[in-house]
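This is what each chain is made of:
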Amino acid sequence: MIPTAFEYFAPKSLDEALRLVERHGDEAKLLAGGHSLLPLMKLRLSVPRYVIDIGRIKSLRSIREDAGALVIGALTTHHDMETSELVGSRCPLLAETAAEIGDVQVRNRGTVGGSLAHGDPAADYPAAMVALDAEIVVAASSGTRRIRAEDFFVDLLTTQLRPGEIVTEVRVPASPEMSGSAYCKLHQPASGFALVGAAAQIALDSNGKLASVAIGMTGVAVRAYRARAAEAVLAGNKPSGKLLAEAAEKVADGIEPLADLHASAAYRRAVASVYARRALETAISRANERKA
Amino acid sequence: MSVSIQLRVNGKTYQSAVEPRLLLIHYLREVLGLTGSHIGCETSLCGTCTVLVNGRAVKSCTMLAVQADGAEITTIEGLSAAPEAGGLHPVQQAFREKHGLQCGFCTPGMILSAVQLLGDNPNPGEAEIRRALAGNLCRCTGYQHIIESVRYAARKLRSQKR
Amino acid sequence: MATTTKYVGKPVKRKEDARLIQGIAHYVDDRVLPGMLYLGVVRSPYAHARIRAIDTEKARTAAGVVAVLTAADLSQAIGPVPCAAQLPDLKPAPRPVLALDEVLFVGEGVAVVVATDPYTLRDALDLVDVDYEALTAVVDPEKAARKDSPRVHDSLADNIAYRWEIEGGDLRKAFRQADRVLKLRMTNQRVIPVAMECRAALAEYDRGDDRLTLWSSSQIPHLLRTQIASMLKIHESSVTVIVPEVGGGFGSKLNVYPEEALVSYLAMHLGRPVKWIESRRENFLATIHGRDQICEMEFAVQRDGTLLGLRAHIIADLGAYYQLLTPLIPTLSGLMLCGCYRLPNVRVEITGVLTNKMSTDAYRGAGRPEATYFIERGIDFVAAELKKDPAELRRKNFPKSKDFPYVTATGLIYDTANYQAAMDLALQKAGYKKLRREQEAARKKGRYIGIGLSSYVEICGMGPSSAMPAGGWESATVRIEPTGSVRVLTGSSPHGQGEETTFAQIAADFLGVGIEDVAVIHGNTSIVPYGIGTFGSRSTAVGGAALYRCLEKLRDKLLKIAGHLMQEDPAKLVLRGKQVVSRRDAHKSMPLLDVISAAYMAKTLPEGVEPGLDETDFFEPSNFTYPFGTHVAVVEVDPETGTVKLLKYVAVDDCGNVINPLLVEGQVQGGIVQSIGQALLEEAIYDEQGQLLTGELTDYAVPRAADIPWLETYRTVTPTPVNPLGVKGVGEAGTIGATPALVNAVVDALSRLGVRHLDMPMKRERVWKAIRDASSAPSGRARKAK
């Protein structure tokens, strides 16, 4: 119900925030929208001594284009993402994914940076981020670095983030012509998180063959991942029902699915396949619509 | 160690020194005495604590009071146009008109979520209403009369604008 | 009642709503008293453990902490939680307000901390150090019932709390004559009520007046007052219970809980008000649960579908202790197990079992949803086995409307019904025949559509005192004040049902005044005469009947006075539009206010008439009421994921006469959605150690707006003679009627695969697995069915 007491900082600039995280290290938690951190603190599963509220750093809340890439500030809320015209036109997969997160109130406060940094294996964004080959930009007082989304997620609630680092933005490369995408999600009925979430980003060539295909999966394993074996089946080929099914079968190859109260490993594996196929089917039909 | 905050709630400015861990819902209820917003869970799922922060629906149990420093907040008590005259917001009127409540515990949050929805989308369909209210649980009504209330309010608001 | 009504039967807007929609209503937690302290409970993390030691020192000495107490400090001062159920040979399993030597379920209280504010309190709760020695937890009720099971209570010989049975007719003969005997085992899983407002209690003690006031989120103010006085061993006349706004109950607040006694005791002991607000986590762990029955049924049937007999054994998981009605609930299932069928030969056995879990008790429907689920699921199972249409099988076995009052083999007397009419209307509204054709067409395309029916009868208007554990009557008082405003006091304790409106409708029509002239007062035991409370769909059927009779007395008195003043035969006068009007001559009238004044001035009263206008009535019902109806659910199952999508829902309910159709509809819709919750989503899951895995809303799914299709609700009207209003009650109908319709629909969707039954909830994985297993079965019926 009630968090433990902590000391509170509300830096106005990134530099100030970086100094604070460096000073307080492990004893500090970053607070952005608060929708990952505060629930844990209220249940006293997280008991930070210092809370650094980065929510007032204006430079982190923007959506812009830069050298062909879509650059999304860490403080962009799920609602911003869902409704941004720029995201909608340049990267509909992210808008579609954002719309599937939690509920309206959560989307109004939760931020993309907060969600990614939390590393929840059932969060929605990671599927899209890995499918999009997004880069997560993190800053430290020593400088910034870019981490490929696929490498960013390490394990349950564990990312590549080092102490003293702050996620500042996400860079998403531009989608090619004649591309289509879709995010298909099986909700955990109580929490609304993804039991299985499949993000597909594909592009067709002029012959209707798959010029590129990327499948990102979340909810299935301890971390979001790219379904490379499934992608390999499809790449360069003309999509058919049979081929999609064959690819979908491989979506959890080499993966050890999670098992919990809400789904066994076997069920997650089976549904991962179904949802990946559905995401691919939708992505392809959308690409065809764009073509037409 | 307390932190000084200043915010506007229902059109009034408040300056308070608060413990950083104080949740916004507790600030509203315990400090300001605005008990119309409720607490129904501790996991950000029930939506009974929903208030508008800078016009957006927010679960005030998942926000620190210090995060609301400088914000403009509307609670159910502040929704009526002129509460002293008994003037009700069209969404409030609609909930009464269409029997959109039973025990009333979820109602303030439900109404505020509906207000935000109708601000974003003046003519929502059934599926859009259901989706917009997904963050507000109701255990009494089965939601159907709530949906009807929101539709009724939408019609009313649209006709007012004309 | 007046032949023409202005309010009764109309969709009158609720009087309660104005305060609720503005956020100016007061629930317990909204009340702040000067000097108020906050109480919290340290709860056991173990399902079964011995308490070796409790170290309260750190908490006691923390800043802002006023008191820390354990059972050692309190067990003499506060008696155990009361249980009103009386069953033959019921073993005692009373719940102490705090565990003394052993804890018997996760969430049981072991200590209380009182502090100056909720934040200090929360910190201090973590400072109480309890040393436990874990013992074996008894979780599975069937294993618990075995002789070799570890025991929940050391003091008892085994875990069987009671055995209960009921028999009617000649069961042996029925089974001898049967063409077929069909067996089915079903569970009605444990569910959690999840009222949106968790429980809450606040107590204040005035030493000078020796007056204890307890505000509680309760459904039973008077029974609570009596029990608190007994638990604390104080004069009941010193205790006032106030039930302010209540944020939903569904039976979970039809109880007396340790915390209500603890805040009361501590308010007296510390001389300051003490408040306790339950967290959702606590609400999951330590507020009563519902259902949790396993039923094995055997039907004796003829080939043509005639039901001859039913043998059933129910194992009911009671949890660790008895709350107010714990042992009694399963017996209601037993009594109602014949459903709405001619089933002349029946035997039901019930085994109530103790386990290391939270108590089960009355959750919306209380015993009837279980009975209805078992019989209605059973009927569909029989229909599938006999290859009969489930609607036709029902029709064949319904008693006819002329057979009422109908006596069941379990000894109940069903008042009035027309089951056929309700089912016919439901089938017509659902387009049943067309649905079956569409289902067949969809099947050919590989789609799994299912149609499920449920015809239910339930037992309401609780009830005749002879059959109730603590009185089944209800009280009403009506006062007309000198200015003409009308005050209705009711012993019912509505918490969302809207009796402030429906009772005002009844009173306004009766007295010929406006609904705005009537105020309905409830939930304050110092103002309202003793009453029983709101549960078991009884408020209007019993409390409304008391009100009706009260109004009759008051009307007669008014007319007698008016007759005297107007020199007219009172029998020729009526109350209409705030006038007393002569039936013979409409010009002959007198303002009602003049008559009221006369009653108070008392200068010109007829002989034998007392001054004042204040009448009270205690209505004792002669029987229960038996609402009924038929629900139809249409679902589509996604065979790849097991996801059940509800396509259509049609409900026809008959609750007798209707006071306010808008409110009836609201009750039905809400009940159906709770039922959808149980059928598709909800399940309280304990692991083998007795840990509640679904202990928060993050893991226990209740229906959201987006999970529900548009519900189509209709009514037939068959009044009851049991009360003068002809109303039967509707608070639980939806929760009772809907679950079997939904499960029957899912099973129907999978029937071609040979699936004959699935236990609730219809979780995706369970459905998916059933499809997979059926499809891969080597000698599966799937193949045969083709």
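Reading the values: the criteria
Residues numbered from 1 in each chain as written. Chains lettered and ligands numbered in written order. Predicted model: local features only at pLDDT ≥ 70, side-chain atom pairs only at ≥ 80, totals over all residues. Helix = DSSP H or I, 4+ residues; strand = E, 2+ residues; numbered from the N terminus. Rg over C-alpha atoms; globule rule 2.2 N^0.38 Å. Buried ≥ 20, exposed ≤ 12 C-beta atoms within 10 Å, placed from the backbone. Contact = placed C-beta atoms within 7 Å. Nonpolar A, V, L, I, M, F, W, Y, C, P; charged D, E, K, R; others polar. Core = buried A, V, L, I, M, F, W, Y, C linked by C-beta atoms within 7 Å. Axes fitted to C-alpha atoms, helices over the stretch in contact; angles between N-to-C directions. Parallel < 35°, antiparallel > 145°, perpendicular 65-115°, else oblique. Right-handed = clockwise from strand over helix to strand, strands pointing away. Pairing = 2+ DSSP bridges. Domains from an automatic or database assignment. Expected span 1.5 Å × (residues − 1).

1. Details of the overall build of chain A
Check the secondary structure of chain A and you find 12 helices and 14 strands. Relative to the 2.2 N^0.38 estimate, which gives 19 Å for 292 residues, the radius of gyration of chain A is 19 Å and therefore close to what a compact globule would have. A buried classification covers 59% of the 292 residues belonging to chain A. Excluding contacts between residues fewer than 6 apart, the proportion of contacts in chain A whose partners are at least 24 apart in sequence is 66%.

2. Some remarks on the interface of chain B and chain C
Taken together, the 42 residues of chain B in the interface contact 41 residues of chain C. Elements with a minimum of two residues in the side of chain B that touches chain C: helix H2 (90-97), helix H3 (107-120), helix H4 (126-132) and helix H5 (144-161) of chain B. A total of four residues in the side of chain B that touches chain C trace back to one element, the largest contributor, which is H2 of chain B. Grouping the constituent residues of the side of chain B that touches chain C by class yields 19 nonpolar, 16 polar and seven charged.

3. Digging into the nonpolar core
Judged by nonpolar contacts, the single largest core of 432 residues is most densely connected at Ala-198 and Ala-276 of chain A together with Val-113, Ala-507 and Val-746 of chain C. Among the elements that take part in this core, helix H16 (residues 539-566) of chain C stands out by supplying 14 residues, more than any other. Leaving out residues up to four positions away in the same chain, Ala-276 of chain A has contacts with Ala-198, Ile-215, Met-217, Ala-227, Ala-230, Ala-248 and Val-251 of chain A.

4. Some remarks on the interface of chain C and chain A
Note on interface size: it is often stated as the accessible area lost on association of the parts. At the junction of the two partners, chain C supplies 16 residues and chain A supplies 12 residues. Examining the composition of the side of chain C that touches chain A, we find that three residues originate from one element, helix H4 (residues 118-125) of chain C, more than from any other. The residue inventory of the side of chain C that touches chain A, partitioned by class, reads nine nonpolar, three polar and four charged.

5. Quick notes on the environment of Val-87 of chain A
Residue and element names in this part refer to chain A. Assignment of secondary structure puts Val-87 in helix H4 (residues 85-90). With 22 C-beta atoms packed within 10 Å, Val-87 lands in the buried category. A C-alpha to C-alpha distance of 34 Å links Val-87 and Gly-25, two positions 62 residues apart in sequence. Those residues within four positions of Val-87 in sequence are excluded, and the remaining contacts are Ile-63, Leu-70, Met-81, Leu-94 and Ala-95.

6. Some words on the packing of H16 of chain C against helix H17 (residues 592-601) of chain C
The description of two helices packed together rests on the angle between their axes and the distance between the axes. Residue and element names in this part refer to chain C. For the pair H16 and H17, interaxial distance at closest approach is 9 Å and the crossing angle is 95°. The angle between H16 and H17 places the two elements in the roughly perpendicular class. Residues Leu-558, Ile-561, Ala-562 and Leu-565 of H16 pack against Val-595, Ala-598 and Ala-599 of H17. The residue inventory of the contact of H16 with H17, partitioned by class, reads seven nonpolar, no polar and no charged.

7. Let's talk about the pairing of strand S2 (residues 28-31) of chain A
The side-chain alternation of S2 of chain A yields two buried faces, one formed by Ala-28 and Leu-30 of chain A and the other by Lys-29 and Leu-31 of chain A. A crossover connection joins S2 of chain A to the parallel strand S3 (residues 50-53) of chain A through helix H2 (residues 37-42) of chain A; in handedness this β-α-β unit is right-handed.

8. A word on the sheet that holds strand S14 (residues 307-319) of chain C
All names here are of chain C. Spatial strand order, S7-S15-S14-S13-S8: five strands in an open sheet with mixed pairing. At either end of the open sheet lies a strand with only one pairing partner, and these are strand S7 (160-168) and strand S8 (180-191). Neighbouring strand axes in the sheet, compared pairwise and without regard to direction, differ in orientation by 10° on average. Examined bridge by bridge, strand S13 (residues 290-301) and S14 share nine bridges and lie antiparallel to one another. If you follow Gln-293 over to S14, its bridge partner there is Ala-316.

9. As for the domain arrangement of chain A
In terms of domain boundaries, chain A breaks down into domain 1 (7-53), domain 2 (58-172) and domain 3 (179-291). For domain 1 of chain A versus domain 3 of chain A, the distance between C-alpha centres works out to 35 Å.

10. Comments concerning the environment of Gly-471 of chain C
Residue and element names in this part refer to chain C. Looking at the element boundaries, Gly-471 is found in the loop between strand S18 (448-457) and strand S19 (474-480). Residue classification places Gly-471 among the partly exposed positions, given that 17 C-beta atoms sit within 10 Å. Not counting chain neighbours up to four residues away, the residues in contact with Gly-471 comprise Ser-465 and Ile-532.

11. Focus on helix H15 (residues 499-511) of chain C
All names here are of chain C. With 13 residues, H15 extends 17 Å between its outermost C-alpha atoms, agreeing within 8% with the 18 Å of an ideal straight helix rising 1.5 Å per residue. Every buried residue belonging to H15 is among Glu-499, Thr-501, Thr-502, Phe-503, Ala-504, Gln-505, Ile-506, Ala-507, Ala-508, Asp-509, Phe-510 and Leu-511, and all of these are buried. Residues of H15 that are buried sit in contact with S19, strand S20 (486-490), strand S21 (518-521), H16, strand S22 (573-576) and helix H18 (661-681). Once H15 finishes, Gly-512 follows within two positions and takes phi at roughly 65°, a positive value.

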